[in-house]
Every structure is written in C-alpha cells, then in structure tokens.
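# Descriptive analysis of the structure
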Amino acid sequence: VAPYRINNNGAIETRDNPLISSEKEAQDLAEWMGAFYESRNEYKLSYRGDPALNCNDIFYLESLYDDNLMVRAEEVSLKYSGSIRGEILARRES
C-alpha cells in the first residue's frame, strides 16, 4: 500500500503500533490524521458562553471570505464572574 500523502513536504516515517492490526486500520488512521493536519487554520474565539457547546461540535463560523465556513471545536472553556463567558479553540473542518 502506498503511503498516505497530504503534500510533498516532509519525510515518510515508519512506526510500530500494536493497536493497529491491519492495513485497513492503518489507512483509516492515516486519512483521519491527514484531515486533521490538512486543515491548518485554527481560530481562537470569545463568545457569550453557551453551556450546550462541547468539544468536537461542528458549527458554522461567520467569515468575510467563506460563506460556508465550518469549524470543529477542539477546546471549549467557560468562566463565570457575574455572567458566563467562554473561549473556543476551533479548527477549520475540511
């Protein structure tokens, strides 16, 4: 099986992982990691602090450049000091 490539930069490395027991699992993992690293844009957002928002949620982000910009929440934090406010670290969903 040919190595999974995101782009032509970098080096191919071989790793042993006892949790991956087949070529299919290795290919699935490579595709999942590729999608993660392919979307390089990260967004740090401040918001009102909706407690319903969780990590791994996908939502639309308003953008001047993309009418359908979807992002996935990677980190969500809430703080309370008289009112709820929050911060989100999100990555563009490819």
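Here, every reference points to the structure presented above.
A short tour of the structure in this document, coming up. Just so you know, these numbers come straight off a predicted model, no measurement behind them.

## A word on the sheet that holds strand 1 (residues 42-47)
In spatial order, the strands read 1-4-3-2; together these four strands make up an open sheet with antiparallel pairing. Looking at which strands have only one partner, the edges of the open sheet turn out to be strand 1 and strand 2 (58-60). Here the average twist between neighbouring strands, direction ignored, is 40°.

## So, the pattern of salt bridges
For the coordinates displayed, the defined rule picks out five salt bridges. When the shortest N-O distance is used, the salt bridge between Glu42 and Arg91 registers 2.8 Å. Of the two residues, Glu42 sits in strand 1 while Arg91 sits in strand 4 (residues 84-92), which places them 49 residues apart along the sequence. Of the residues examined, Glu42 reaches a relative accessible area of 42% and is grouped as partly exposed. A salt bridge links Arg72 to Glu93; the nearest nitrogen and oxygen atoms lie 3.0 Å apart. Placement of the pair is Arg72 in strand 3 (residues 70-80) and Glu93 in the segment after strand 4, with a sequence separation of 21 residues. The partly exposed category is assigned to Glu93, whose relative accessible area is 30%. Beyond isolated ion pairs, a larger network of salt bridges with shared partners links Glu42, Glu74 and Arg91.

The rules behind each value
Residues numbered from 1 in each chain as written. Predicted model: local features only at pLDDT ≥ 70, side-chain atom pairs only at ≥ 80, totals over all residues. Heavy atoms only, no water. Pairing = 2+ DSSP bridges. Helix = DSSP H or I, 4+ residues; strand = E, 2+ residues; numbered from the N terminus. Axes fitted to C-alpha atoms, helices over the stretch in contact; angles between N-to-C directions. Salt bridge = Lys/Arg side-chain N within 4 Å of Asp/Glu carboxyl O. Buried < 20%, exposed > 50% of the residue type's maximum accessible area, 1.4 Å probe, protein only.

The analysis is restricted to geometry; functional conclusions fall outside its scope.
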